[in-house]
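# Structural overview for review
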Amino acid sequence: MTEPLRLLQVGAGSMGRAWLAAIRASPDVELAGLVDLDAGLAREAATGHGAVVTGADLAAVMAEARADAMVNVTVPEAHRDTTVAALAAGLPVLCEKPIAPTIAEARAMVDAAERHGQLLMVSQSRRYSPTLAAFRRLIARIGPIGTVNCQFFKAPRFGGFREQMDDPLLLDMAIHQFDLARLLTGADPLTVSCDAYNPSWSWYAGNAAAEATFVLADGSRFTFSGSWCAPGLETSWNGAWRVNGAGGTATWDGDNPPTAELADGTVLTGEVGAEAEGIAGSLAEFVRCVREGKRPDSAAARNIVSLAMVEAAVRSAAEHRKVAIEEVLSETT
Ligand SMILES: NC(=O)c1ccc[n+]([C@@H]2O[C@H](COP(=O)([O-])OP(=O)(O)OC[C@H]3O[C@@H](n4cnc5c(N)ncnc54)[C@H](O)[C@@H]3O)[C@@H](O)[C@H]2O)c1
C-alpha cells in the first residue's frame, strides 16, 4: 500500500479548518505540520491529528516536519512568499484561490514552480461536483458551443472586509464562475467588456453587481450577470448556467442534476456520479498528480488565466473599454 502523503498546512483560519477536516477524512494524506502566524491557533487546530509539528515560523516547522507537500490556506497577500519558500525547499504546493492578489505576484509563483521543478496547483474547489460533472457530460452532447450564460444573484450579509472593498463581487466571488466557464468550454478567453455598478440599496461600499461579456478563442461568448445584493429568488453559490450549442441547450442550477434539450426535442437528464466534491476533490487530484508526475488543469501556469479574467473585467469596468486578457497577462508589475 502507498504511504500517505505527509502534508504541511499553512493557515489555520476559517478555510484552514475546512482543509484540516478534508485532510483528516482522506486516507491518501496525513498532517505533518501546521503553521499560522498565530502559533496558539495552529497548536489548537492540530489537536487530534496525532504528532504534528506546529508553530509560527514556516522555515522552522518545514525543517522539522519533513513533509512531502504543502497546502497553502493563508490570506491571498501571503500566498506568494509562503508558496515560494516551500517550492524552494522542494515541496509541491496546493494553494487556495485566488493564486495571488495580482498577476505579477502570480507570475512570480509560476516562475518559482518552474525554476524548482515542482508542481504548483491552485485549488478551485467549485470545479469538483458530481452535478457539474454531469453537466459537462451533457454539454458534450450538444455540439460546438455558441453561448455560455451564468446568472449569479445572492444577498449575503458578510460584514467585514467584503463590505468595504472595491468590486467585492468581481474580486472575491466571480473568479469561481469565470474559472468554471473555462472548464465548461475548454476555450481561452480573449477579451472582456464589463460594467460594474452598485445598486442604490446596496450594503456594500464597492460595486456589488456586474455584467460581463467575454469573447472566447473558439468564437463563443461567456456572459456573466451577477449581484451580491439581490434578495429574493436567489441562485445557488455556483450560479445558474445555460449553455447553448449547435445541437441543443443544457442548463444547470448549480446544485441539482442538469438537464438538456436536443435540437430534435429529446430531453436529457444528467446522470450524477460519485465524484469527490469541493476541496476533497482538489486534494485528491493534487495527490494523484504529485504521485504520477502529471499536470492538473488548475496548475498555476494555466489558472493564472482565470485571475487575468477578473483583473481584466475590473479594468474594463473602471476604464469603460474592452480589455484583452493578454494585456493583463503580459504585465510584469
Ligand atoms: N474555495 C473556497 O470556496 C474558499 C472559501 C473561503 C476562503 N477561501 C480562500 O482560502 C484562503 C484563506 O481564507 P480564510 O477565509 O481562511 O482566511 P482567514 O483570515 O480566516 O485565515 C487565514 C489564516 O492565515 C494566517 N496567515 C496569514 N498570513 C500568514 C503567513 N504569512 N504565514 C502563516 N499564516 C498566515 C492567518 O493568521 C489566518 O489564521 C484565501 O485564499 C481565501 O480566498 C476559499
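Quick note: structure is the one above.
Note that the coordinates shown come from a computational prediction; the quantities given were computed from them, not determined experimentally.

What counts, and at which threshold
Residues numbered from 1 in each chain as written. Predicted model: local features only at pLDDT ≥ 70, side-chain atom pairs only at ≥ 80, totals over all residues. Heavy atoms only, no water. 1 Å grid on protein atoms, 1.4 Å probe; cavity = no way out; pocket = protein on both sides within 12 Å on 5 of 7 lines; lining within 4 Å. Points joined across faces, edges and corners; volume = space filled by probe spheres on them. Helix = DSSP H or I, 4+ residues; strand = E, 2+ residues; numbered from the N terminus. Nonpolar A, V, L, I, M, F, W, Y, C, P; charged D, E, K, R; others polar. Salt bridge = Lys/Arg side-chain N within 4 Å of Asp/Glu carboxyl O. Pairing = 2+ DSSP bridges. Axes fitted to C-alpha atoms, helices over the stretch in contact; angles between N-to-C directions. Near = heavy atom within 4 Å. Polar contact = N/O pair within 3.5 Å; in protein donor to acceptor, adjacent residues only side chain to side chain. Areas by Shrake-Rupley, 256 points an atom, 1.4 Å probe, with all protein chains shown as cover. Sits in = over half its atoms within 2 Å of the grid points.

Volume-wise, the largest pocket comes out at about 1200 Å³. In terms of lining residues, the largest pocket is bounded by 43 residues, among which Thr-74, Val-75, Pro-76, Lys-97 and Pro-98 are the most central. Only helix 1 (14-25), helix 4 (76-88), helix 7 (168-185) and helix 9 (300-319) provide two or more residues apiece to the lining of the largest pocket. Its residues placed into classes, the lining of the largest pocket shows 25 nonpolar, 10 polar and eight charged. What lines the second largest pocket is a set of 13 residues, and nearest its centre among them are Arg-127, Tyr-128, Arg-136, Leu-183 and Glu-285. Looking at the lining of the second largest pocket residue by residue, the classes come out as five nonpolar, three polar and five charged.

Another aspect to go through is the pattern of salt bridges. Side chains carrying opposite charge are able to pair once their charged atoms draw close together. If you walk through the whole model with that rule in mind, you get 15 salt bridges. The salt bridge involving Arg-80 is made with Asp-81; its shortest N-O contact spans 3.2 Å. The salt bridge partner of Asp-297 is Arg-127, with a shortest N-O separation of 3.6 Å. With Asp-297 in the loop between helix 8 (278-292) and helix 9 and Arg-127 in the loop between strand 6 (120-123) and helix 6 (130-139), this residue pair connects regions lying 170 residues apart in the sequence. The network of salt bridges with shared partners includes Arg-315, Glu-319, Arg-321, Glu-327 and Glu-331.

Sheet architecture is open: six strands sit in the order 3-2-1-4-5-6, paired in parallel fashion. Since the sheet does not close on itself, it has two edges, and those belong to strand 3 (53-55) and strand 6, each with one partner. The mean inter-strand angle of the sheet, taken between neighbouring strand axes irrespective of direction, is 25°.

Surveying the vicinity of the ligand reveals 21 residues, the closest of which are Ser-14, Met-15, Asp-36, Lys-97 and Ser-125. Within the backbone of Ser-14, one N or O atom sits 3.0 Å away from an oxygen atom of the ligand. If the ligand stood free it would expose 860 Å²; the protein chains cover 75% of that surface. Of all the cavities here, the one that holds the ligand is the largest pocket. Elements with a minimum of two residues in the shell around the ligand: helix 1 and helix 4. Per-element accounting of the shell around the ligand gives the leading share, four residues, to helix 4. Its residues assigned to classes, the shell around the ligand shows nine nonpolar, nine polar and three charged.

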